[in-house]
Amino acid sequence: MLKYTKVVSEQLGEGSAGGMTKGMGIPFLASNIQFPKLLVLVLQLAVVIFSIRLFNVEDASALHIILPIIFGGFIIHAVLAPSLRLPFFVFLSLAAIIAVFSWVNGLWLIGIGLGLIGLCHLPIPFRARVALVLLAVAGLVVLRGGWVTTSWSELILPILGAMFMFRLVIYMHDLRHERKPATIWERLAYFFLLPNVAFPLFPVIDYQLFRKTYYNDDDYKIYQKGVLWIFRGVTHLILYRAVYYYLVPTPEEIQGLWQVVLFIISSYLIYLRVSGLFHVIIGILCLFGMNLPETHHHYFLAGEFNEVWRKLNIYWKDFMAKVLYYPLVMKIRKMGMMRARVLGTMLVFVATWLLHSYQWFWLRGAFPLNAIDGLYWGILGMFVVINTIKTTKDLTPKDDEDTGWSWGLASRQSMRILGMFIFMSVLWSFWSSHSIADWWSVMMVGGTASLQEYGLLMLGIFGIFAMLVTHLFMDFKGWSLLWDENELPFYSVALRTSIGVLALVAVGMPRVNNNFGEKSASFIASLKESRLNDRDQGVLERGYYEGLIDGNSYTSQIWWTDKGEKPDNWKATMNSDAVQPGEDVLVYELIPSYSGIIKDAPFNVNEWGMRDKSYAKEKEPGTFRIAFMGASFEQGAGVDDEEIFPALIEQMLNAQHAGQTYDKYEVLSFAVGGYSPVQTLYLMENRAAEFAPDAIIYAIHSTEKRRLLMQLQKLAQDKRDVSYVFLNDIFAEAGVTKDITHQEARRRLDPFGDKIIRTSFEKMGEFSEANQIPIIGLFVPSTEEVDGYNEEWHPILKGYAEESGFNVVTLEGAYQGVDAESVYLAPWDTHLNKRGHKLIADALYKTLVEEDARLQLGLTATTD
């Protein structure tokens, strides 16, 4: 304690003349500035920040806004006299809040925060202060829940919650036992921690630990540790993207043992996102002297349940131990320490489950409690309890505490690590699933594997086991690649960090990675993108069409983006009151003469069930009529009726070509959101044909298969009698029944998706030939295809269209030079807005004119 008091006093400037030290004879500067080390740190930090920008790490957060504040602030903070450092840190933190939220919103956040801190220090009894704080929090809960709305609450409350809603608990707890009063700057710095403004998911930092670790070691050693941990966090976040983009399979598409294994392992590996964020956060705090413990230290190498619990988030574990476990165990220890510890541990996990929902409430405004979460925490808690009982009874030295070497001990330790990793991966895959039935259906896919496949799997597990034993042997010999920065001198850590970050930057530079080959360069370029992977994009689309998006799942990556913030009244057409049950393969269809509002825009349906103006069924002489087929992009919910691109095309054709080859042009839109090639085929044969079109434009997207599987799953589970024999045969062959889950139904239908699309296209081609109505296969890029069509699906669909006799037209480059988000209908809805429809209409009109000789639309007269 004496040593700690001395260190804190020195750092706060106590005992120096006038409470202030002088560096190089200059007031306000530290007396111990070591310029060579500072220069090394500044250079490293500059390169680390460059790597963050190079890889666009966390570019959706406010991290990039506060990076200049962190960099410049670190340099000034490091040379300031100790007594000025905390006030300066508080100034930086408040400046960062203003920079991120602007003056008005920032001042609201700061003002409410100061009010909460002030309530903790009112000169009234402690219990009365607690009651007032709870009352204030209740008021904020009303705001966060949306029962009362303001212009600023939705924006600042997630960050305010991250700053105060757990720290207030610890603060009030420690305030009651505070022996040495903290300075006002310590109190303010604890709540307004600089990086918190960029990260709503933040470690629960202990107040006493925050004070005790402040400059409790050599300044430059702490700074160096901070740079290293930021770099380590950046690597975690880049690795996370590699796992998230390339290793996470879509559950509906899982076929075979290896994809099941990938599903299990990748579920756990994506936790790299959290460990990366926490490393960056704690690293930034180290730059300002807060020598906090490392988070997520080698957590994939844990060998026991208690070790996993501790390593996954030591800050949370310590928080629960302080405010719940130890007070409870001390109170009930009379029943026996074993029982007290078991009961305490069980309650910790129940509280963790509830408090995660509490944390989620501040992040997202919802309080999810579901069986999956409860089972996850229950199972993990049960094994931690068993581990606790075992360790309490077992007083013999543990294997890993033995200082000697033994192949037997190394083998047992390796088996424990491997077993723990597999167990946690399986448990995490369970937690990540939408339902227990969905998770079990994926596990059952693995049951169909052959003995040979299981043999290969066991061989792979043995290979990893051998690597772990080798690692332990190298560690014993002192050859381990893992190293502890606390045991190395400053320049050694700086050298290793510099090599690592320079290598990372070099790999990220196109001039360098282009030499690795086109595929490698493309892979590295993809790691710089911030996007949803195929699984979550599918979830988002499914959520859009079916209203089932699970943005409130802890393990969903969608909530990290603003795509999960879709308002409840923002519905796809199929979930709106504009549709009614359809016939045959039409699961639903537009209600004739419907008029209403969908996605905040007028949505009118004509008497024939088209989202279009009224047309006579009989075509007037001299009219060239086009039937426009498609899905939600072409239907254009959220954009005014006359501003969707099929309507714009009709306006353009008539403005430029009416009265020339034809008196006028009519473009009848049969597009319906969510329709797939099967529904389009039916509409073409049974609805569009009645209007005697002279040509059909069929808009095709790279997502045809997803919509197809969604529609087929509904058809199959509804046990409909459909008129297409080939569909009935496939339903029977796939074995889709009404009692299986959506996920399982789609998995069984997935292998048939290509065949159904191809057959549908072929039947459209036969219809075209029989009725002498040419079909233009129009490939419309989605807003995810700004830089080019989907490389997997576009060539396949284009090939099917050409084989079926379509006149294929592509609009690649329609969004050239345009930021994708500028044509989104909303942050949570990637369909086209008004600008996007105009861009597509312009591109399509230009293409129709340029290729008129092939398409035969009669656009041969003069054009502008």
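Within every chain, residues take consecutive numbers counted from 1 along the sequence as written. For this predicted model, a pLDDT threshold of at least 70 governs which residues receive local features, and a threshold of 80 or more governs which side-chain atom pairs are given and counted, while totals over whole chains, interfaces and linings are taken from all residues. The side-chain figures draw on all heavy atoms in the structure; neither hydrogens nor water molecules are used.

Draft legend 1. Here's a closer look at helix α18 (residues 436-446). Of the residues making up α18, those classed as buried are Asp-438, Trp-439, Ser-441, Val-442, Met-443, Val-445 and Gly-446. In this description, contact between two residues means that some pair of their heavy atoms is separated by no more than 4.5 Å. Numbered from the N terminus, helices here are DSSP runs of H or I no shorter than four residues, and strands are runs of E no shorter than two. Tucked into the core, α18 has its buried residues touching α11 (257-269), α17 (407-432), α19 (451-477) and α29 (742-749). The cut-offs for exposure are 20% and 50% of the maximum accessible area for each residue type, with area from a 1.4 Å probe on protein chains only; residues under the lower value are buried, those over the upper are exposed, and the others partly exposed.

Draft legend 2. Representation of the packing of aromatic side chains within the structure. Between the rings of Phe, Tyr and Trp (Trp by its six-membered ring), a pair exists once the centres lie within 6.5 Å; its type follows the angle of the planes, with under 30 degrees stacked, over 60 edge-to-face, and the other angles tilted. In the structure shown here, the tally under the stated rule is 64 aromatic pairs. Between Tyr-698 and Phe-761 the ring centres are 5.8 Å apart and the planes differ by 80°, which places this aromatic pair in the edge-to-face class. Of this pair, Tyr-698 sits in strand β9 (residues 695-700) while Phe-761 sits in helix α30 (residues 753-771), placing them 63 residues apart in sequence. Ring pairing ties together the aromatic residues Tyr-268, Tyr-271, Tyr-299, Phe-300, Trp-309, Phe-349, Tyr-376, Trp-377, Phe-421, Trp-428 and Trp-431, which thus form one cluster. Two limits define a charge over a ring: the Lys NZ or Arg CZ must be within 6 Å of the ring centre, and within 35 degrees of the ring normal. One cation-aromatic arrangement involves Lys-528 over Phe-55; the distance from NZ or CZ to the ring centre is 5.9 Å. Above the plane of the ring of Phe-691 lies Lys-617, whose end atom (NZ or CZ) is 5.6 Å from the centre.

Draft legend 3. Layout of the sheet that holds β9. DSSP calls a pair of strands paired once it identifies at least 2 bridges connecting them. With parallel pairing, 5 strands are arranged side by side in an open sheet as β8-β7-β9-β10-β11. Since the sheet does not close on itself, it has two edges, and those belong to β8 (664-669) and β11 (807-810), each with one partner. Going from strand to strand, the sheet's axes swing by 25° on average, the running direction of each strand aside. Pairing of strand β7 (residues 623-629) with β8, which is carried by 6 bridges, proceeds in the parallel orientation. The partner of Phe-628 across the bridge, within β8, is Ser-669. Comment: axis = line fitted to C-alpha atoms, over the contacting stretch for helices; angle = value between 0 and 180 degrees taken between N-to-C directions.

Draft legend 4. Main features of the nonpolar core. In these notes, a set of buried Ala, Val, Leu, Ile, Met, Phe, Trp, Tyr and Cys residues joined through side-chain atoms within 4.5 Å is what counts as a nonpolar core. Judged by nonpolar contacts, the single largest core of 164 residues is most densely connected at Phe-74, Phe-164, Ile-205, Leu-285 and Met-290. When neighbours within four sequence positions are excluded, Met-290 is seen to be in contact with Leu-86, Phe-89, Leu-193, Phe-210, Thr-213, Tyr-214 and Leu-285. Among the nonpolar cores identified, the runner-up in size contains 101 residues, and Tyr-594, Phe-752, Val-809 and Val-823 belong to it.

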